[in-house]
Every structure is written in C-alpha cells, then in structure tokens.
Amino acid sequence: MNLEKNIKGKINACHLLKGFKDILPEEAVYFDKIVTVGERIAKHYGFKKILTPVLEETRLYRRTTGDGSDIVQKEMFSFTDLGGDQVSLRPEFTPGFARAYSEHGMINLPQPVKLYSVGPLFRYEKPQTGRFRQFWQLNLETLGEKNSIVDAQLIILANQIFKELDIGIDIFINSIGCHTCRKQYLPILTRYLRSKKNILCENCLERIKVNPLRVLDCKEEQCQEFLDQAPQIIDHLCEECQQHFTQVVEYLDTTEIAYELNPRLVRGLDYYTRTTFEIFPKAEERGRQSALAGGGRYDDLLENISGRAAPAAGFAIGIERVMAKLKEKQPDLKTNKIEVFVAQLGVEARKRCLKIYENLIQDGFNVAESFSKEGLGNQLEAANKAGASFTIILGQKELLEKTIIIRDMESGVQEIVDLEKISLELKKRLEKQKIISQQS
Ligand code: AMP
C-alpha cells in the first residue's frame, strides 16, 4: 500500500473538507425530528415527495437562480464532467423542481402540483457559524398556481412546522412586484442609490450595476440608515401586484399568525416576483446567520427554462440552523425511546433471542440489544444507557420452561411470563406505564 506520509514520517490522515459538516448520531436525532415533522405536515397539505439529482446542467442555474445572484457568480461547485458537459452541484432546490415539472409534463396534471424534498445543497460560501458549504434543506414548492392563497398557505405551513417543533419565530414578508412594477421602480431606486454613492459600501456599489434591487439586502452597518430611507418597491407596485399582496396579507390576517412587513426583503435570487418571505428566530435569539427559512413566488422562472409559463411559489427550511435551535430547546432529545431491551444468557438463549428480537420489531416495539456482550450485569448496564423501559431476559432455565423474565428498568421488579405471550405482556406493561406518566 502506498501511504502518504508527512515530514515526521506519520501517515497523513484524511479530514473533513472546510465548510462541510458530519451530522453525528447524537445530532441526527434532531435532523430526523425536523424531517419527520416537516414531511408529515407537508403531506397533510397535499405535497408529494420528489427526489431530483444533486448534479444538474450548469446552465439550469444560470437561467433560473440567475447570473446576477451571488450563488451563480461565485458560489457554485461547477466542473466539466468526463464527457465534457458543464455541470454543477445543486445550490438550491427550486430550479431542479421546475425542470422536473416541465420535463415530465406535470403542467398537464391538475394544478397546482405540490412537491417537496429533503436533501443536501452545495454553495462555496465563506464558512461560519450556521453557514456551511454543504447544508440540508426541507424544500416545498407549489407549481402551476398564481392565486395569492398559495403564498399565504406556504407561510401558514412553515409556521406550523416551527410551532410543532416549539421554536419561536418571527416572519417577515414583502412583495417585490413583477417586471412591470420594476421597470418603473428600478430607475427611482438607482437614482437614490447613486446619490448615496459616497456612503454605500463597495459591495453595494457593485450591486447597483448588476442588480440594484439586491442592494437593499446589504447587511453592512454603514449602509443601513440610507437603505432604510430608500424608496420602497411596495409603493410602486402595479395594480395586479398590489392586489395580490393585499390578498396574501388578508389571508394571513384570518389566522393568528403574526408577521411583519419588511420593505427591504428582496432575497438573494434573480427569479423572485411578488411575495417574498423569510423566517427568523425571535429577535432576542437571533445571531448573524440566523435565517431559518426563506421563500417566495417566482412566476417567470418556468418560462425561462421551458418556454411554457407557469406561476409558482415555494420555500425552504435550513435544517442545520433549525437543528441548532432545537438543540438549545431540547438538549436531551431522544426520538424513538427504547421500549424493550433483549438480554440473553448462554449460547442457546442467544440464538433464540435473535428470533425474539425480530418478532418484537415486527410487532412494532422499539427494541435494542447487545448480543455480543456476556453476563447479565453488562447487558443491564447497556439497557440502562439505552434508556429502555423494560428488559426481557432469557436464560437456560427460561428456555427449558418456555418462559421469559420481564424486568421493569425503573423499579427493578422482575416477573416471569409465558414466552409465547411476550408481545402481549410487554404491550400491557407499556400501556400501563404510559397512563401513569400521563397522570403524573
Ligand atoms: P435560501 O435557499 O438561500 O433561500 O435559504 C433558505 C434557508 O436555507 C436559509 O434561511 C437558511 O436557513 C438555510 N441556508 C442557506 N444557506 C445556508 C448555508 N450556507 N449553510 C446553512 N444553511 C443555509
């Protein structure tokens, strides 16, 4: 074997790439919880799962996410594949969903088509807390419908996910209008920004040339006061956009969901039209990179990639950031509490326990074992560490008598039951335990 060594003669170990993150088992319980809650709520709202490739043609992102966006300008993992095609790792979900929608003729299905996905995304950003080069999103899109109720329902759905996860949020919304409104608004904005040329940061000055709307997104301290005073697109919406946004707000007002209008919320991508929204932790818990979710409407994107127009809207939740919040709230989260630990004593009992274990899984129990361990003490210790409610113990004697011991891990009380009835006996005890814990 040809092992790479450093100057001291030691083997050069392999390391995680900068900006990438391993989600270790103790963190994966938070990941699973978010995905489980998110997928369940998405399905309740009629969303169906779609899995699009992680690698797509680079031009898909150039035509959608847009040449004016930071993502396309400087953050894509792009390369030429072995066949000479220009390809990129997915930096966001929406373009892939839109491509699949048009490529598979979903426009001919009853509209809207509601799709969701969970998966990793790649952006070559400057790594910092809550900002990675690979991160995961739960992404939902409603394609083929322009009605404002879709926008409101997406916000309601997002709110429901955070409510169920017990994470306090603030929702910000805005409308950035359509091409008609922008034709009128952008010269007014540009004029204002140029008049502040001496004050604005370098990034803003660059953005005035490429995409003046994005200047409003600047986070630099020195620009804030002037950007807050900039002319607002909300005052320049065409009649249709004005009406659309009023309806979104009216729909939200029929719910108890609190939201705030933020006239500077333009989002970082080129394709947004009309509604934009972003979700943050509550103000007192907000850090620098703290947006938990963001989305909006994109009525022109589909036409740009397929030539056939279809309005659409969607949003994405950043899973790592929500994981961090969930961890703060529930440091001891254990999904899938272990109900039954299977312990064995002796070769024959161990063989039999393999089958018992399999049967218990089929009967729907959350089970655990440490079959490679010898001795009851070691196994009970493992059962305790796993947080099991009950341990069942099979030894030589029980095997001969066709019985098994059930040990209540909290009280230590042990009872001998008929081996054939083990599932029934465990169900009875777990049920009783549940009732007691609900009463206390
Ligand atoms: P976007 O796709 O940019 O609209 O982002 C939607 C959500 O994804 C954000 O609100 C964040 O929660 C999350 N997110 C975006 N970029 C990153 C990143 N580089 N690292 C971690 N999370 C991210």
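The domain boundaries assigned to the chain delineate domain 1 (16-178 + 238-329) and domain 2 (340-439). Here domain 1 and domain 2 have C-alpha centroids that lie 45 Å from each other.

This paragraph deals with the site of the ligand. In the vicinity of the ligand lie 14 residues, with Arg123, Glu125, Phe132, Arg267 and Ala291 positioned nearest. The separation between an oxygen atom of the ligand and a polar side-chain atom of Arg123 is 2.8 Å. A distance of 2.9 Å separates a nitrogen atom of the ligand from a polar atom in the backbone of Phe132. Coverage of the ligand by the protein amounts to 92% of the 480 Å² it exposes when considered alone. Elements that contribute at least two residues to the shell around the ligand include exactly β6 (134-143) and β11 (312-318). The class makeup of the residues in the shell around the ligand is six nonpolar, three polar and five charged.

Judged by pairing direction, the sheet is antiparallel, and its three strands sit side by side in the order β2-β4-β3 without closing on themselves. At either end of the open sheet lies a strand with only one pairing partner, and these are β2 (55-57) and β3 (78-80). This sheet shows a mean twist of 35° between the axes of neighbouring strands, independent of strand direction. Bridging between β2 and strand β4 (residues 86-89) involves three bridges; their strand directions are antiparallel. Pairing of Leu55 across the sheet is with Leu89, part of β4.

What follows covers the sheet that holds strand β12 (residues 340-344). What the five strands build is an open sheet, ordered β13-β12-β14-β15-β16; its pairing is mixed. In the strand order of this sheet, the two ends are held by β13 (367-369) and β16 (414-418), each with one partner. Averaged over neighbouring strand pairs, the angle between their axes works out to 30° when direction is ignored. Where β12 and strand β14 (residues 390-394) come together, five bridges link them in parallel fashion. Counted as the bridge partner of Val342 is Ile392 from β14.

This brings us to the packing of aromatic side chains. Going through the model one piece at a time under the given rule, you end up with eleven aromatic pairs. Look at Phe93 and Phe97: their rings are 5.8 Å apart centre to centre, the planes differ by 70°, and that puts the pair in the edge-to-face class. Between Phe277 and Phe315, the aromatic rings sit 5.9 Å apart at their centres with planes inclined by 55°, giving tilted as the arrangement. One end of the pair, Phe277, is in strand β9 (residues 273-281); the other, Phe315, is in strand β11, with 38 residues separating them in the sequence. Judged by its relative accessible area of 1%, Phe277 falls in the buried class. Through pairs of rings, three or more aromatic residues link up here, namely Phe20, Phe77, Phe122 and Tyr124. Over the aromatic face of Tyr124 sits the side chain of Arg133, whose NZ or CZ is 3.7 Å from the ring centroid.

A separate point is the pattern of salt bridges. In total, this model carries 33 salt bridges according to the counting rule given. Where Glu39 meets Lys49, a salt bridge forms, and the shortest distance between an N and an O atom there is 2.7 Å. Linking Glu39 in helix α1 (residues 25-44) with Lys49 in strand β1 (residues 48-49), this pair joins segments that are ten residues apart in sequence. Taking the relative accessible area as the measure of exposure, Glu39 reaches 15% and is therefore buried. Under the relative-accessibility criterion, Lys49 is labelled partly exposed at 45%. With a closest N to O distance of 3.7 Å, Lys355 and Glu358 form a salt bridge. Here Lys355 and its partner Glu358 are both found in helix α12 (residues 347-362), three residues apart, which amounts to about one turn of the helix. Three or more residues are tied together by salt bridges with common partners; here these are Asp70, Lys74, Arg207, Arg214, Asp217 and Lys219.

Conventions used here
Residues numbered from 1 in each chain as written. Predicted model: local features only at pLDDT ≥ 70, side-chain atom pairs only at ≥ 80, totals over all residues. Heavy atoms only, no water. Domains from an automatic or database assignment. Near = heavy atom within 4 Å. Polar contact = N/O pair within 3.5 Å; in protein donor to acceptor, adjacent residues only side chain to side chain. Areas by Shrake-Rupley, 256 points an atom, 1.4 Å probe, with all protein chains shown as cover. Helix = DSSP H or I, 4+ residues; strand = E, 2+ residues; numbered from the N terminus. Nonpolar A, V, L, I, M, F, W, Y, C, P; charged D, E, K, R; others polar. Pairing = 2+ DSSP bridges. Axes fitted to C-alpha atoms, helices over the stretch in contact; angles between N-to-C directions. Phe/Tyr/Trp six-rings, centres within 6.5 Å; stacked < 30°, edge-to-face > 60°. Buried < 20%, exposed > 50% of the residue type's maximum accessible area, 1.4 Å probe, protein only. Lys NZ or Arg CZ within 6 Å of the ring centre and 35° of its normal. Salt bridge = Lys/Arg side-chain N within 4 Å of Asp/Glu carboxyl O.

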